[in-house]
Amino acid sequence: MRFTRLVSHAALTPSGAGGASGAGALDVMKTTTIDHPAEEVWALIGEYSHLDKWHPAVVKLELSGDGGNGVYRSLTLPDGAILKEKLHSYSLDDMTYSYSIVEGPLPVKNYVSRITVRPGDNAGQSVIEWSSSFDPAGVEEAEAKKIVGGIYTAGFDGINDKLK
């Protein structure tokens, strides 16, 4: 079953997570322009259950939960570590979703993120915005921001590679 069908039957609400606003003390936002139409980019990255298809740091993804109790994805990283995330909101029409990290090896807590795709300024282009709010955990603020920003940049590179 495609994830969008699962979500269309679910009542997903932002359980205190309004995207990447106000979850933590730090904010990171990365934006990139891709030379592909927004609908094509969203077809690749819009499935919550497909992060492993385009992000190079995810070697395996397992989806769990149901629409009533929440939808979770467990991401296996190259070193075998597991990152568990919970979906908070999803909009096929607006090409956006938000999620939080429930547990994992990243040096963050209270992490809430949003990823959005929209048409670019020129025909055939799209803009991807990936943003988050979080608190650092065990590292300095600058290091936590660098790590999160690096994850987003790697994701953008993965998207470009898949759409070539």
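Structural notes, computed from the coordinates. Not measured: the values here are computed from a predicted model.

**Some words on the overall build of the protein chain**
And step 1. Helix and strand counts for the protein chain come out as four helices and seven strands.
And step 2. For the protein chain, the proportion of its 164 residues judged to be buried stands at 48%.
And step 3. Taking as baseline every contact in the protein chain between residues at least 6 positions apart, the subset at least 24 positions apart corresponds to 56%.
And step 4. Carbon and sulfur atoms form 48% of the exposed surface of the protein chain, whose accessible area is close to 8,200 Å².

**Quick notes on the sheet that holds strand β5 (residues 96–103)**
And step 1. Strand order across the open sheet formed by seven strands is β1-β7-β6-β5-β4-β3-β2, with antiparallel pairing between neighbours. The open sheet has two edge strands, β1 (26–34) and β2 (60–66), and neither has a second partner. Mean inter-strand twist for the sheet, computed between neighbouring axes without regard to direction, equals 20°.
And step 2. Sheet topology places β2 next to strand β3 (residues 70–76); seven bridges connect them, and they run antiparallel.

**Description of the packing of aromatic side chains**
And step 1. Inspection of the entire model under this criterion finds 10 aromatic pairs.
And step 2. Relative to Y90, the ring of W42 has its centre 5.9 Å away and its plane inclined at 40°; by these criteria the two rings are tilted. A residue pair is termed long-range when its members are at least 10 positions apart, and W42 in helix α2 (residues 38–45) and Y90 in strand β4 (residues 82–91) qualify at 48 residues.
And step 3. Relative accessible area serves as the criterion here: at 15%, Y90 is assigned to the buried category.
And step 4. Ring centres of Y97 and Y99 lie 6.1 Å apart, and the angle between their planes is 45°; this geometry places the pair in the tilted category. As far as burial versus exposure is concerned, Y97 and Y99 are alike and both buried.

**Some details on α2**
And step 1. The set of residues buried in α2 consists of A38, V41, W42, L44 and I45. End-on, the buried residues of α2 take up no more than an arc of 160°, which puts them together on one face. Structural note: α2 exposes E39 and A43 on the side pointing more than 90 degrees away from its buried face.

**Regarding the side chain of S113**
And step 1. One can find S113 in strand β6 (residues 108–119).
And step 2. Classification of S113 as buried rests on a relative accessible area of 0%.
And step 3. Among the polar contacts made by the side chain of S113, one reaches the main-chain carbonyl oxygen of S131 at a distance of 2.8 Å.

**Regarding the nonpolar core**
For soluble globular proteins, the rule of thumb is that nonpolar side chains tend to be buried together.
And step 1. Core analysis: the largest hydrophobic core is formed by 35 residues, its most contacted members being I45, I128 and I159.
And step 2. The residues contacting I128, other than those within four sequence positions of it, are K30, T31, T32, I34, V41, I45, I115, T116, V117, F156 and I159.

Criteria and thresholds
- Here, residues in each chain are numbered from 1, in the same order as that chain's written sequence.
- Note on the predicted model: pLDDT of at least 70 is required for a residue's local features to be given, and 80 or more for side-chain atom pairs to be given and counted; whole-chain, interface and lining totals, by contrast, use all residues.
- Water and hydrogen atoms play no part in the side-chain values, which are based on all heavy atoms of the structure.
- Numbering goes from the N terminus for both helices and strands, where a helix is a DSSP run of H or I of at least four residues and a strand is a run of E of at least two.
- Burial status follows relative accessibility: with a 1.4 Å probe on protein chains alone, a residue under 20% of its type maximum counts as buried, one over 50% as exposed, and anything between as partly exposed.
- Residue contacts follow a heavy-atom distance rule, with two residues in contact if any of their heavy atoms lie within 4.5 Å.
- Residue-level accessible areas treat just the shown protein chains as cover; the underlying method is Shrake-Rupley with a 1.4 Å probe.
- Two strands form a pair only when DSSP identifies at least two bridges running between them.
- Throughout, an axis means a line fitted to C-alpha atoms (over the contacting stretch in the case of helices), and angles, computed between N-to-C directions, take values from 0 to 180 degrees.
- Note on aromatic pairs: the rings of Phe, Tyr and Trp (six-membered ring only in Trp) are paired at centre separations within 6.5 Å, and the planes decide the class, stacked below 30 degrees, edge-to-face beyond 60, tilted for the rest.
- What the arc covers is the set of directions going from the helix axis to the C-beta atoms.
- Definition of a polar contact: a pair of N or O atoms within 3.5 Å, with one able to donate and the other able to accept a hydrogen when the atoms are protein atoms, and with sequence-neighbouring residues admitted only if both atoms are side-chain atoms.
- Throughout this description, the term nonpolar core refers to a set of buried Ala, Val, Leu, Ile, Met, Phe, Trp, Tyr and Cys residues connected via side-chain atoms within 4.5 Å.

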